[in-house]
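Tertiary structure, described
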Amino acid sequence: QVQLAESGGGLVQAGGSLRLSCAASGRTFSSYAMGWFRQAPGKEREFVATISWSGGWTSYADSVKGRFTISRDNAKNTVYLQMNSLKPEDTAVYYCATGSRRLSGPSRDEYDYWGQGTQVTVSS
């Protein structure tokens, strides 16, 4: 049974930073891509960032490019999302997910296990 547990969310002022973590268990973490998605109230869940199995390849949504950084520590079975220069429009529940392959793109269909999410609220 694969389990993902996000942490690090909270309330922050615009321009501030947060670092999300996602600890994984129940699968060979280092063999699969990992991704971050987010869902704001009344909106569809959207892609934020993804990282390949080795960490050698990353991809970001245009809305977060240059502000967010995804990384992973395969020794700790953990993926991170460093969020800088936060904006009110970044407010959402953030979910981590395991990719079904070593490389996964922005489509939700490419991810097969999901965490419960962590709330990020950015005040103006």
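Everything below is about the structure shown above.
The present account deals with the structure reproduced in this document. Bear in mind that the values here come from a model prediction, so they are computed numbers and not experimental data.

**Concerning the overall build of the protein**
Assigned secondary structure in the protein consists of zero helices and 11 strands. What you see for the protein is a C-alpha radius of gyration of 13 Å, in line with the 14 Å of a compact globule of 124 residues. Seen along its three principal axes, the alpha-carbon backbone of the protein occupies a region of about 40 × 25 × 25 Å. Here the protein, with 124 residues, has 43% of them falling under the buried criterion. Expressed as a percentage of contacts within the protein between residues at least 6 apart in sequence, the contacts between residues at least 24 apart total 58%.

**A look at the nonpolar core**
Judged by nonpolar contacts, the single largest core of 32 residues is most densely connected at Trp36, Leu81, Met83 and Tyr94. Listed by contribution, the elements that provide at least two residues to this core are β3 (18–25), β4 (34–39), β5 (46–51), β7 (68–73), β8 (78–83), β9 (92–99) and β11 (118–123).

**Description of the sheet that holds β7**
Here four strands make up an open sheet; going across it, the order is β1-β3-β8-β7 and the pairing antiparallel. Two strands lie at the open edges of the sheet, namely β1 (3–7) and β7, each paired on one side alone. Within the sheet, the average angular offset between the axes of one strand and its neighbour, ignoring direction, is 15 degrees. Here β1 pairs with β3 via five bridges, running antiparallel. From the neighbouring strand, Glu6 faces β3, where its bridge partner is Cys22.

**Considerations on the side chain of Arg38**
Within the secondary structure, Arg38 is located in strand β4. By relative accessible area, which is 5% here, Arg38 ends up buried. Looking at Arg38, its side chain comes within polar contact range of the side chain of Glu46, at 2.6 Å. Polar side-chain contacts of Arg38 include one of 2.9 Å to the side chain of Tyr94. Leaving out residues up to four positions away in the same chain, Arg38 has contacts with Glu44, Arg45, Glu46, Val48, Ser63, Val64, Phe68, Glu89, Asp90, Ala92, Val93 and Tyr94.

**Thoughts on the environment of Val120**
Relative to the elements of secondary structure, Val120 occurs in strand β11. Put simply, Val120 and Ile51 are 69 residues apart on the chain and 21 Å apart in space, counted from C-alpha to C-alpha. Among all residues touching Val120, those that are not within four sequence positions of it are Gly9, Gly10, Leu18, Leu20, Met83, Asp90, Thr91, Ala92 and Tyr94.

So, how was this worked out
Residues numbered from 1 in each chain as written. Predicted model: local features only at pLDDT ≥ 70, side-chain atom pairs only at ≥ 80, totals over all residues. Heavy atoms only, no water. Helix = DSSP H or I, 4+ residues; strand = E, 2+ residues; numbered from the N terminus. Rg over C-alpha atoms; globule rule 2.2 N^0.38 Å. Buried < 20%, exposed > 50% of the residue type's maximum accessible area, 1.4 Å probe, protein only. Contact = heavy atoms within 4.5 Å. Core = buried A, V, L, I, M, F, W, Y, C linked by side-chain atoms within 4.5 Å. Pairing = 2+ DSSP bridges. Axes fitted to C-alpha atoms, helices over the stretch in contact; angles between N-to-C directions. Polar contact = N/O pair within 3.5 Å; in protein donor to acceptor, adjacent residues only side chain to side chain.

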